[in-house]
Structures are given as C-alpha cells and as structure tokens.
Amino acid sequence: MINVYICVKQVPDSKTIETDPLTGSLIRESAGSVPNPADNDAISLLSQMQNNCPEIISAAITMGPKQARASLREALALGAMSAYHLDDPALGGSDSYITAYALSQTIMHIGKADYVICGEKSSDSDTGQVPGAIAEFLGFSCYYGIIEFIEIDAKSKSMIAVRENEGIRQTIQISSPAVLVPKSGAFPKLYSSMREKNAARKKDIIKISVSDLADSNPDSYGYNASLTKIHAMVAAAPKRSAKIIDSEYTDFIRELLCSENDESGNAIALSKAKCTDSKDLADGVFAAVHLGDTHITSELIGALQSEINASKVTVLCNEHYANDVKLIANEVIAFSSAGSSADDLLLEGVIDYIEEISPDAVLFPANVRGRWLSSKIAVRLKLGLTASCTGFIWEDNKLIQIRPAFEDRLMTAIYSTKKPALATVREEMFPEAKKADTEGKIIKKQVLAKYSEKYKIISEEAVKPAEKQFSDKVLVIGNAVSSKTDFDKLVKWAEDNEMTWGVTRPLIQGGLAPFEKQIGVSGTAVKAKLAILLGVSGSRKTMAGLRLVNTLLAINEDPDAEVFSQVDYGIIGDYKQILKG
Amino acid sequence: MESNLISRLKSALGEDRVLTEQEQRTKRATDLLAIRLLQRHMGWKPTLPLCVVEPENTEELARAVAICRENKVPIIPYGGGSGVLGGAECRDTNAVVIDVKRLNKIGELSDEDLCITAEAGVMIKDLEAYVNEKGYILGHYPQSMDLAQMGGLVATRSIGQFSTQYGGIEDLLLGMEGVLPNGEVVEIKANPRKSAGPDLRHIFLGGEGFVGIVARVTVKVFPKPEATWKQAYRVEGTREGLEVIRKVMREGIKPAVVRLHDWLECEKPYGAFMEEDESLILFLCEGAKEKVRAEQEIIERVVGTDAISAGEKPVDIWLAHRNDAADEYEEYGKQGLLVDTIEISGNWSDIGNIYENTIDRVYDEVHEVLFLSGHSSHSYLNGTNIYFQIGAMPSPDMSSDDVEKLHRRIWDIIEEETVKNGGAIAHHHGIGKHRAKYMESELGSGLKMLKTIKKAFDPDFLMNPGTLINCD
C-alpha cells in the first residue's frame, strides 16, 4: 500500500476578478471560484501513478471555505479515492507558511504519507512556496519541475520520474517519502466526464477542524500566526493616457524602437507609487543568495540598490562561485563543506549566516531552486517569506516587499513580522548591480551539511529554453488592416525592425494569421517593453492581452477610437506611413 | 457568368461596394456556429462566397437583390455574424453575401410615441448607447450585445436578458421596411396594434432571410428605470426552482430578470452563497419605484419558505459576467473541447420532464460529454425556456467529420426529448441551417405552409438556401 495525498485549492477565477476602483482592493465575491489551474497537473500525475500501481491509496486535501469543496469534487471525479476538507474559522488569513503548516498537520492527521503531490503554485497568491514548506514541515524531500512520470515500484515505493529545472532535464529515482511538484502544463489536461462528476457528488467529504489536528491550538493558525502581513493592496492596471504625436511620426517611432527606456506606463512601477511614498535610504544589512547565475544575482543586488538605495549587499554562495560575484558584491560569504550537495551546503550556510549576523533581509531568485531553498529556510527558522517580488520600499527600518498576485492583476505590499525578511525576486524586473570600484571581500565559511535529498540521477541532459512567441517589441495588427498586401508588408516591416507580431481576432477570422498570433483575452497575453498597435480599435478583450506592456503606442485613423484612452502614445493617422520610415 | 455578375453589381452599386478579396469573403463566410470554433482547429475551412456586397441604403439593397435574382445566384444576408446556428454560413461558392453593415443610420427618437427607427446594420450596442444618452433604454440585451445588429436581431427572432419585462424582439418591433426576393421594397407601418389581416412583420421576424431582407426597423424605447430590486434565492433543485418561478409568474407580474441556474452552473460563480447541489434563482425588477416595490412584495410572499434568500450579490455577479461566455467558448475550441448551447422552451407542465429526461439521456448515451447544465432564463405565464450548456471532449483520433457526428448526436437527443415532451425546438437562437433538420418535427403539417410561403416569394430558392427549410 502506498499512500498518496494530493493538495488542491479552489481559487478566485482570475479572468473575472474585479477590484474596487477607489481602494484597489479585491472584490473577492465578484470573482467566482475555480479549481486552481496548476492542480490539474497534480491530478494528472496522480492518475498516471494510480494507473501504474494498483497499490496506491489516494486522498485529496483542501483548506478553505465551503466553495473549496468543488475542488475536492473535481479531484474525486478525476480519480482521488477520498477527500478531506480542512475548514475552520481559525484558518482565515493564513499566509503561505501557515497554509503549509496547516496542510502538513492535516496530512499527519489522516495518516502516514508516502507521497504528497502539489500543483506548482496557486493562481491567486502565486507564491509557489507551499509545496517546499510542506516538505520541510513533514521532513520529506521535495522535487519540483516534474514533467514526466515513468514508473513506481510497489515494493520499495520508489519511483522514477523526469524533472526539468533551469535548463537541465534529469531522469531520477525518488525514494519515499517525498513531495512531488509537477511543472505547470507538463501533464495532459484532464477533464472529468459528467458521469464521473455525478459519481463524485455522491461521495463523502470528510471535514477536519483545527481541533482534530495534533497542534489543535487555534492561535497557531490564521492571520495572527502568519509571518507576513499585508501592508496595502492596489489594482495593478495603471490608467494610461495617450500623448498625441504629430502625424509626421516615423522619426518618433524610430526613436522609440531604439530606446531602452522602460519607465513610461510600467504597470508594476506605477502601482508601487500608490502603495506608499517613502524614500528613506536603506542602511540595513542585506544579503543576496547566489545560485550560480551571475546575471540573476546581479539583479538581486540591483533591486536593492535601485529600489531602496541599499549601501551594502552581501552575496552568499558556494565557494566555487565566489570569484564570479566578487565584482558586484560588497562582500562575499563563500561556503564550503566536504561531501554535501550544492543545495544542502547553501541551505545550511544561509541558515548559519542568518543566525550569526541577523540581517534585515535575504533575497533569493524567484526560480525553482530559489523558491525551494527559501521556503526550506523559512520553515526551519520560522521566518516570513514573500514570493516573486517586483519592488521594495525601506520604511521604518523594515523592508516592504511588493509583489503581484492574481496573474499580475493586483499589487500587494507585504512586510514580515520578523527579521530577516526573506523574499524571492522576479527575474528581468531590475537593473543589474553597479560595478564596484574594488572587489568585494571574500570570507570563507566551513559549513556542516549532509545530503538530505534521497534521489539517484539516472540520466541527465541540457535542454534549450523554449522560444518566446512574442519578443520585447511587438507589432499588433488590427482590424483596419484588411488587405493581404498591406498585411504582408507590415509583417516584413516588423521583422526588419526585429519585432515579433500579433493580430486581433478579426484578422484570424479573415484567415490572415494563424490562431497562435491572436492577442487578447482568448489569445496570448503579451509581456513586452513596447507594442505598436496599428488599426486596433481598442476593445476590452484585445487590451486585456496588452496590460503588461510597458509602452503602448497606437496608430489609428479614427480620433474617437477607444484605443487612445488606453495607450501611452497616440498617433491619429494612416498606419501605412509607418512603412515609409 | 461570375465576372459578369460581379461587374453588374459593381456598376449598379459602385466599385467599392463589391468585395472580392479573399480576406473579405472569409470574414463573411461564417457566423458563430459552435462546432466551427472547434473544427477550425482541425483543419476545417469555410466555403467562400463569390463576393460580398455592401449596399448603403434600401434602394441599393433592393438593386443588389434584383441583380442576384436575375443571375439566379443564392443570396446570404449578413448582419453582425453573431448567429450560432449557421444561418449566415456560406455553403455555396456561387453565393453572394449581402452585408447590411453600411445601412447604419439612426433615425429620430420619438418621446411621445416612445420609439426609434434604425437601419438594419446599426449595431444594437450603438443604438442602446444613443438612446441611453437621451434618457431611454431599448430593453433588449442579448448575449451578442457587442456584435449584433438590429436587422439580424429581427431576422433571428432574438431575445434579451431582460425579456420577462420587455419582451422579445417580436414585442419590441413596431414597424419595418424589408426587401423581397424580387427586389421589391415592402414597408410595414409602425403602429401599436392592428387588426388588418395576418401580421406581416412575422414573415421577417425569425425569417432569417428566407423570403426577404430586413432593411430598417422601428422599435420601442422605454424611459430609463428609476429603481431596481435584486434578490437571489437558493432552492433544493431544478424542479423546485421551476415551481417557485411558475408561482411567481402566475401572479401576473413581470420582473425584468427571472433566472434559475442548476447546480452545475452555480458551482463556480455562486459557490460562496449556497450549499452544494442547490440551484439558484435570480430576480431583478426595475422601473418606477412603486412598481418595483410591489413586485418585490409579491415575489417575497410567493417564495415564502420554498426558497432561502442568498442576498443580492449573486445577481450582481451575474450582471457583471453575463456576456463572458463568448470568450470562454473560443478558448475551449483551442483546448479541443466541443462546446455549444441549445435553448428550447416548454409549458410548465412539461419543462421539468424535458430538463431531466434530456440530461439523463445525454449522460447515458454520449460518453464524451464533460458537462451538461441548464438554466431557465425567460419565463412566461404558461411556461419557460431551458438553455442547455454542453461541453464534450472528442477523442483525439476523431476527424472533423466525426466531431460533427458527435455534435449531431447531442443535438438529436435534446431536440427529440423536447418534441416528445411537447416543447418547442428553439426558444431564441433561431433555426439557421444547423437546426433545419428538426423543423418537420416542430411544425408538423405547418412545414408545408412554410414551404408554400417560401415558394411563393422565392420560387428559385435563392434566399439563404438551407436556412429554416432544407433544400430538398
């Protein structure tokens, strides 16, 4: 018998989410709720494991209000054998640390787990920290980035799976107990049939309260026990207002295409101003954890320098990376140890550093390893951790961490109740660190660490990252462009200017472009520095796909086109002129 | 002949009114027939018309129709393209699409007579905005609000989400002008009511271009309502909910919105306001405050203890998201899901059976079905409609034709059960080409009458062939 538990979550439907126009806060009831999209990969993995091994006994677990039962029903319909609902008023306001604690308590209450499967992250809070923290609370290993299940051995309970993280694909043999985290979208999407739904409706859902748990103290849960608190919450969508450019616009566009300026219209930067106005200089003690990619670490330092004017940043890393970062760090603490894995060494090293120095904040990259490492440290030291930060403020000797939620529709400012604040930092958000005049001092530290991950690598290969459909600069071709000749010219113009291109829905319907090129609610959302919109009317559906573009410029003949109220630059005129420039 | 026809149309209407570019023909070759959203991802390609004609006024429209008829080519009238039954879908490469989008002038609004005239190509959202600015409403809010045009709404016998108070388009249309298959123009005066033989408006209402094209309409407007009351109620199940609505409608009141959503439709949007497995009733009353208060009191008295209040929030959620479906459907197509909506109606004594039998049979017989839910959204003294929402996952080895068969299997069950239980095969989407198959079971001997009308007006079967009546 192999016990496999799957943690699922019912999340507000981010497509329909609304914010209060005055306060910017989320109108939670407005959203309706759906099973967390990433949980589908978890259920899909469970279903493959069950098909491979009849010895598996599975249960789905959720924590949340009554509508969370819908997620359990869905898990039951798709193969989970039983369902547990942790529902207690004491849980309200739990952050990811407390959520992981409550779920791990529930898992221990239900029975001995061999595997726990979690979706990569929830679409509402978007932290990706819960799986790692559950593993730490349970004392399990945690495997992120699983893209394929191969087999499970009923006798030894060990399994073989493929994982892919940061460009390395490994086939590994995993020993139980472990937390398994499939990569979002890696597993086939499962749909429950109406029959399965109806059968699931008839099954019992077992209700669990805090009083049932080993730690039955209500004060251990909920908002009061949480180590991070919300300072403010605002809608991320900035109001844009178009600056109208003269009809002789080709020079202006040329300039825009060449400039690297990404100030104007930056959704995330603008919202930060709304959270607070503080501009104190930060003279605290800050550290950044270096995992091997100097560019990423440079951004961590750059974040502290550009956002809060940090005077000194220490980089923590494994000994053999020390020379890579000494040019950007004021100080490098390099860990070494005999016979431990790189990750374990870093884990113990950072913990030693925090205990010895008690810094104000420690930053990690918001990638798989960064999330894994930070959530382990948070649990071990009982520290607050904020995920995927896109901004920082130094206020009253406290680091306020700004992060998007709900697929970037909301910005939240968060602070930790204890020092140091731990935060993972989203990539490509901050400038690189300033080059120091002198090399940072390297301090070597011996660390006592041992292997904690119980896996064997069967094979390993490097994989190329997938190419992005839309680059930094995007040409959006709208309905006003209806002739094939013009369309082809525009596509060529885009390619000549090193831009990628997309279209609005009518052009797909007109057969001018394939479905993959559609931008908008039912197409792709674009993250780019610049988008030029030609003959785009500016419907809500199209503009929703362009929300995260820093600078939007629209060219349209109709001065009353809706698009002009939603872009940074407007040109009233004929789009064809762009081809002459 | 082809190029001859095109040059005749061009010389009669002007070069720029006759579009032959592939992109223009592709855009006007289809409507929103649900299965196409999926088939497009499976390599299905539309049949393109010979050309698209865009007349600018009734006279040009009449001239275009006459020329097509002389050349004996099929005509497909095209409005907003939001139909979901293939009424505007081209299935003949010789066909000429007549798009009325340039007939877009709005006439004067009469406060005294409470009506407004608009040409067929006026978008309903533009007309609504126009009358709103002057302090009125149209009272017609179909889910296709963003796409639909006035002519198309009349031609498909449309209904709006507030119909229980304001009525369907047939109650709102006072008079109109239309073009007959021989190019003649007919005007039907706008009057409050008349007793002058059979009502000729009904040749065009729901005619879907089968014997004529709507050119201009005069519709009612209403003063903006001053008060609103909203309330949701939880009920044990669909049957119980239908019973509550029946009792409310019996009182003779006309709340603008009376809806009942079954458990599956409630789970996502309203889960926070109810218990699992329950159904939800939504009421919205609007108008003068005394009238609204009276309706509220009657509803509260009739509902009594049969249902439990769930507050007004669910109604707000419905109002905010009532037109989101269109986007979702497109997304489903990309995921390989077949999604469709099928609306039927029935008397109070039949409607519960239609709902339950349909759901049971579809579950039993079509294993690809992932969801089948239903809501009642337009209620009357004598009965209501059920709007089924259905999703199915075709197996990966299915071809585009197989998917069409699967789609048809689901449709057959729903229409069969509806007719067997005394219901009507279509409540407000119309017939188009997809549903024509079921017209015999719907009309019985009446089908002969419809065919006779068709032949009398359109002996060569050139007007939107295959729509309403199969071309045999």
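Residues numbered from 1 in each chain as written. Chains lettered and ligands numbered in written order. Predicted model: local features only at pLDDT ≥ 70, side-chain atom pairs only at ≥ 80, totals over all residues. Heavy atoms only, no water.

What follows covers the sheet that holds strand E29 (residues 569-572) of chain A. Pairing between sheet strands relies on hydrogen bonds along the backbone, with the strands arranged either parallel or antiparallel. All names here are of chain A. Spatially, the 6 strands line up as an open sheet ordered E13-E29-E28-E27-E25-E26, and their pairing is parallel. Each of the sheet's edge strands pairs with one partner strand only, and the pair in question is strand E13 (243-245) and strand E26 (500-503). Each strand of the sheet is rotated relative to its neighbour by a mean of 20 degrees, with strand direction disregarded. In this sheet, strand E28 (residues 551-556) lies alongside strand E27 (residues 530-534) in parallel orientation, the contact comprising 5 bridges. Looking at E28, one finds that Leu533 is bridged to Ala554. In the packing of helix H13 (residues 484-496) onto the sheet, the strands contacted are strand E25 (473-477), E26 and E27, and the crossing angle to E25 comes to about 175 degrees. (Pairing = 2+ DSSP bridges. Helix = DSSP H or I, 4+ residues; strand = E, 2+ residues; numbered from the N terminus. Axes fitted to C-alpha atoms, helices over the stretch in contact; angles between N-to-C directions. Contact = heavy atoms within 4.5 Å.)

Residue and element names in this part refer to chain B. The strand order E1-E2-E4-E3 describes an open sheet built from 4 strands, whose pairing is mixed. Here the strands that pair on one side only, and so sit at the sheet edges, are strand E1 (18-19) and strand E3 (75-78). One ladder, built from 3 bridges, connects strand E2 (residues 51-53) with strand E4 (residues 96-99); its direction is parallel. Within E4, the position partnered with Val53 by the bridge is Ile98. Each of E2, E3 and E4 is contacted by helix H4 (residues 58-70), which is oriented at about 170 degrees to E4, the strand it contacts most.

Enumeration over the complete set of coordinates arrives at 14 aromatic pairs over all chains. Residues A:Phe487 and A:Trp501 carry aromatic rings whose centres are separated by 5.5 Å and whose planes lie at 85 degrees to one another, so their mutual orientation is edge-to-face. Within this pair, whereas A:Phe487 is found in helix H13, its partner A:Trp501 is found in strand E26, the two being separated by 14 residues in sequence. Exposure remark for A:Trp501: the relative accessible area of 12% places this residue in the buried category. Their ring planes at 75 degrees and their centres at 6.0 Å tell us that B:Tyr233 and B:Phe283 sit as a pair that is edge-to-face. Here B:Tyr233 is found in strand E12 (residues 227-235), whereas its partner B:Phe283 is found in strand E14 (residues 279-287), with 50 residues between them in sequence. Under the relative-accessibility criterion, B:Tyr233 is labelled buried at 6%. Relative accessible area serves as the criterion here: at 0%, B:Phe283 is assigned to the buried category. Following the ring pairs from residue to residue traces out a cluster consisting of A:Tyr97, A:Tyr101, A:Phe137 and A:Tyr221. Geometry around B:Trp263 places A:Arg201 over its ring, the cationic atom sitting 3.5 Å from the centre. Across the ring face of A:Tyr223, the terminal group of A:Lys229 is positioned such that the distance to the ring centre comes to 4.2 Å. (Phe/Tyr/Trp six-rings, centres within 6.5 Å; stacked < 30°, edge-to-face > 60°. Buried < 20%, exposed > 50% of the residue type's maximum accessible area, 1.4 Å probe, protein only. Lys NZ or Arg CZ within 6 Å of the ring centre and 35° of its normal.)

Residue and element names in this part refer to chain A. Here 7 bridges tie strand E8 (residues 159-165) to strand E9 (residues 168-174), and the two strands are oriented antiparallel to one another. Along E9, the bridge assignment pairs Ala161 with Ile172. Between the antiparallel neighbours E8 and E9 lie 2 residues, among them Glu166 with a positive phi of about 45 degrees. In the sheet, E9 pairs with strand E24 (residues 455-462) via 7 bridges, with the strands oriented antiparallel.

Residue and element names in this part refer to chain A. Taken as a whole, this structure holds 6 cavities of 30 Å³ or more when the rule is applied. Computed from the structure, the second largest cavity encloses a volume of approximately 60 Å³. In terms of lining residues, the second largest cavity is bounded by Asp95, Ser96, Tyr97, Gln129, Ala133, Ser375, Ala378, Val379, Leu383, Gly384 and Leu385. At the level of elements, helix H3 (96-110) and helix H12 (368-381) are the ones that each hand at least two residues to the lining of the second largest cavity. The greatest single-element share of the lining of the second largest cavity, amounting to 3 residues, is contributed by H12. Inspection of the lining of the second largest cavity shows a minimum of three residues originating in each of domain 1 (2-140 + 177-226) and domain 3 (267-451). (1 Å grid on protein atoms, 1.4 Å probe; cavity = no way out; pocket = protein on both sides within 12 Å on 5 of 7 lines; lining within 4 Å. Points joined across faces, edges and corners; volume = space filled by probe spheres on them. Domains from an automatic or database assignment.)

A separate point is the packing of helix H10 (residues 238-250) of chain B against helix H15 (residues 348-365) of chain B. Residues and elements named next belong to chain B. Contact geometry for H10 and H15: axes closest at 10 Å, N-to-C directions at 160 degrees. One way to sum up the angle between H10 and H15 is to call them roughly antiparallel. Crossing of H10 against H15: the hand is right-handed. Facing H10, whose interface residues are Thr238, Arg239, Leu242, Ile245, Arg246 and Met249, H15 presents Trp348, Ile351, Gly352, Asn353, Tyr355 and Glu356. (Parallel < 35°, antiparallel > 145°, perpendicular 65-115°, else oblique. Left-handed = near helix turned anticlockwise from the far one by under 90°.)

By the assigned domains, chain A splits into domain 1 (2-140 + 177-226), domain 2 (243-263 + 467-580) and domain 3 (267-451). Its C-alpha centre places domain 2 of chain A at a distance of 37 Å from the equivalent point of domain 3 of chain A.

Residues and elements named next belong to chain B. The element strand E18 (residues 383-392) is extensively covered by neighbouring structure, given that 10 of its 10 residues are classed as buried. Here E18 shows no split at all, with Gly383, Asn385, Tyr387, Gln389 and Gly391 on one side and Thr384, Ile386, Phe388, Ile390 and Ala392 on the other all buried. Pairing geometry for strand E16 (residues 338-347) and E18, over 10 bridges, is antiparallel. Bridge pairing in E18 links Glu343 to Tyr387. Sheet analysis places strand E17 (residues 369-376) next to E18, joined by 6 bridges and oriented antiparallel. In the sheet register, Val369 faces E18, and the bridge partner there is Ala392. Between E17 and E18, which pair antiparallel and follow one another directly, the connecting turn spans 6 residues.

With that settled, the discussion passes to the nonpolar core. One finds B:Phe283, B:Ile299, B:Val369 and B:Phe388 to be the most contacted residues of the largest nonpolar core, which totals 69 residues. Considering every element that reaches this core, the biggest residue donor is H15(B), with 7 residues. The residues contacting B:Ile299, other than those within four sequence positions of it, are B:Trp229, B:Tyr233, B:Val248, B:Ile253, B:Pro255, B:Phe283 and B:Cys285. Counting 63 residues, the second-largest nonpolar core is a separate cluster that includes A:Ala113, A:Tyr221, A:Leu227 and A:Val350. (Core = buried A, V, L, I, M, F, W, Y, C linked by side-chain atoms within 4.5 Å.)

Moving on to the interface of chain B and chain A. Counting from both sides, the interface comprises 38 residues of chain B and, opposite them, 38 residues of chain A. Both sides together, the interface formed by chain B and chain A hides about 3,500 Å², and carbon and sulfur atoms give 51% of it. Our count for the chain B to chain A interface comes out at 4 salt bridges. Note that B:Glu276 and A:Arg73 form a salt bridge whose closest N and O atoms lie 2.5 Å from each other. If you look at where chain B meets chain A, you find 13 residue pairs in polar contact (both at pLDDT 80 or more). Mapped by element, the contributors of at least two residues to the side of chain B that touches chain A are helix H2 (22-27), helix H11 (263-270), helix H13 (313-321), helix H14 (325-334), H15 and E17 of chain B. Top contributing element to the side of chain B that touches chain A by residue count: H11(B), with 5 residues. In terms of residue class, the side of chain B that touches chain A is made up of 15 nonpolar, 7 polar and 16 charged. (Buried area = accessible area lost by both parts, 1.4 Å probe. Salt bridge = Lys/Arg side-chain N within 4 Å of Asp/Glu carboxyl O. Polar contact = N/O pair within 3.5 Å; in protein donor to acceptor, adjacent residues only side chain to side chain. Nonpolar A, V, L, I, M, F, W, Y, C, P; charged D, E, K, R; others polar.)

Residues and elements named next belong to chain B. Assigned domains of chain B: these are domain 1 (2-100), domain 2 (106-223), domain 3 (227-318) and domain 4 (325-431). Look at where the C-alpha atoms of domain 3 and domain 4 centre, and you get two points 23 Å apart. In this complex, domain 3 contributes 14 residues to the contact, which on the side of domain 4 involves 21 residues. Joining domain 3 to domain 4, the criterion identifies 1 salt bridge. Scanning the region where domain 3 abuts domain 4 turns up 10 residue pairs in polar contact (both at pLDDT 80 or more). For the side of domain 3 that touches domain 4, the per-class residue count stands at 6 nonpolar, 2 polar and 6 charged.

Another point: the side chain of A:Thr228. Within the fold, A:Thr228 resides in strand E12 (residues 228-235). Beyond its immediate stretch of four places on either side in the chain, A:Thr228 contacts A:Asp95, A:Gly384, A:Leu385, A:Thr386, A:Ile414, A:Tyr415 and A:Ser416.

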